[in-house]
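Analysis of the macromolecular model
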Amino acid sequence: MHQFSQAIWTDVERIRAQAPLIHNITNFVVMNNTANALLAIGASPAMVHAPEEVEDFVTISSALVVNIGTLDATFVAGMTLAMRRAKHLNKPIVFDPVGVGATAYRNQVSQDLLTLATPSVIRGNASEIMALAGLNTQTKGVDSLFGSEAAIDAARRLSSLWNCVVVISGANDYIVQDDRTAIVANGHPLMTKVTGMGCTATAIIGAFSAVNTDYFQAATHAMSIMGIAGELAAEKRTAPGSLQVNFLDALYDLSEATITDRLQLTHA
């Protein structure tokens, strides 16, 4: 376990040393949460979605995070231009299909964007991953109706189809690529009572992808520190309002010793 915690800590140190610029085209609900989490881990966030400037921002950024939570025509235009530029420049793209499966519009936008530029990592809850893989599944808006383990086969299908890493968030987080599977058991149930924690995880994956080109490792490391920070935050005060603040503090205060002591990571 020590070798894994050491590798995670190496990436954290890289983020803190390099402060990579992470370009987020994300939803209105989580912009503040996401930006603060990126700052807390040591990255530099940019929340830019205007079609007139996204290509310029992608050019100077270290990674692109695309989150379809609050879609409209302007957002989609910005996402399209940004993903095309990121693909051209070979920069990591992390895609969050928030609420896919809930409406035909979300389904179509997701498929169009994936076809345009294959992401390095796709992260979603079980319902979103299953819907994106084309399985007939129900969603409850942006909430999952399934445990993360139910979507493992769908994640494998997606990973094979798009040749990318797929992350399923849940009580246990599953990271899948080809014949590799990592399972992160860190986290706390209270994290589900704070809006945008999944979206925050996607952004943190972006930060790790900016410093580690093995995107399977990057996603695994990001989900590990998300879970550890969530546990630390919940131990201070088991209420959702406090959790948001304590979570940011936990990200900021992360140490190698804390990661080594708490990491619950297995590979299947």
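Residues numbered from 1 in each chain as written. Predicted model: local features only at pLDDT ≥ 70, side-chain atom pairs only at ≥ 80, totals over all residues. Heavy atoms only, no water.

Right, let's get into the sheet that holds strand S9 (residues 265–267). The strand order S2-S1-S3-S4-S5-S6-S7-S8-S9 describes an open sheet built from nine strands, whose pairing is mixed. Of all the strands in the sheet, just strand S2 (44–47) and S9 have a single pairing partner and so form its edges. Averaged over all pairs of adjacent strands, the angle between their axes in this sheet comes to 20°, without regard to strand direction. As paired strands, strand S6 (residues 165–169) and strand S7 (residues 173–177) are joined by three bridges and run antiparallel to one another. Paired with valine 167 across the two strands is isoleucine 175, which belongs to S7. (Pairing = 2+ DSSP bridges. Helix = DSSP H or I, 4+ residues; strand = E, 2+ residues; numbered from the N terminus. Axes fitted to C-alpha atoms, helices over the stretch in contact; angles between N-to-C directions.)

Below, the discussion takes up the pairing of strand S1 (residues 21–25). Counting buried residues in S1 gives five out of five residues, a clear majority hidden from the surface. Where S1 lies against S2, four bridges are found, and the strand directions are parallel. Each residue of the ladder has a partner; that of asparagine 24, found in S2, is methionine 47. Once you follow S1 into helix H2 (residues 31–41) and on to S2, the crossover reads as right-handed. Bridge count for S1 against strand S3 (residues 63–67) is four bridges, and the pairing is parallel. (Buried < 20%, exposed > 50% of the residue type's maximum accessible area, 1.4 Å probe, protein only. Right-handed = clockwise from strand over helix to strand, strands pointing away.)

Given two aromatic rings, their pairing is described by the distance between the two centres and the angle made by the two planes. Following the criterion strictly, the structure yields one aromatic pair and no others. Taking the centre distance of 5.2 Å and the plane angle of 85° together, the rings of phenylalanine 28 and phenylalanine 75 count as edge-to-face. Highlighted residues: phenylalanine 28 in the loop between S1 and H2 and phenylalanine 75 in helix H4 (residues 73–89), separated in sequence by 47 residues. The class of phenylalanine 28 is exposed, set by a relative accessible area of 52%. On the basis of relative accessibility, which here comes to 1%, the residue phenylalanine 75 falls in the buried class. (Phe/Tyr/Trp six-rings, centres within 6.5 Å; stacked < 30°, edge-to-face > 60°.)

In this section: the packing of helix H8 (residues 197–211) against helix H9 (residues 215–236). For the pair H8 and H9, the least separation of the axes is 8 Å and the interaxial angle reads 135°. By the angle between their directions, the pair H8 and H9 is classed as oblique. In terms of crossing hand, the pair formed by H8 and H9 is right-handed. Taking contact as the criterion, the partners of Met197, Thr200, Ala201, Ile204, Ile205, Phe208 and Ser209 in H8 are, on H9, Tyr215, Ala218, Ala219, His221, Ala222, Met223, Ile225 and Met226. Here the contact of H8 with H9 is built from residues that sort into twelve nonpolar, three polar and no charged. (Parallel < 35°, antiparallel > 145°, perpendicular 65-115°, else oblique. Left-handed = near helix turned anticlockwise from the far one by under 90°. Contact = heavy atoms within 4.5 Å. Nonpolar A, V, L, I, M, F, W, Y, C, P; charged D, E, K, R; others polar.)

On their own, these measurements won't tell you what the molecule is for.
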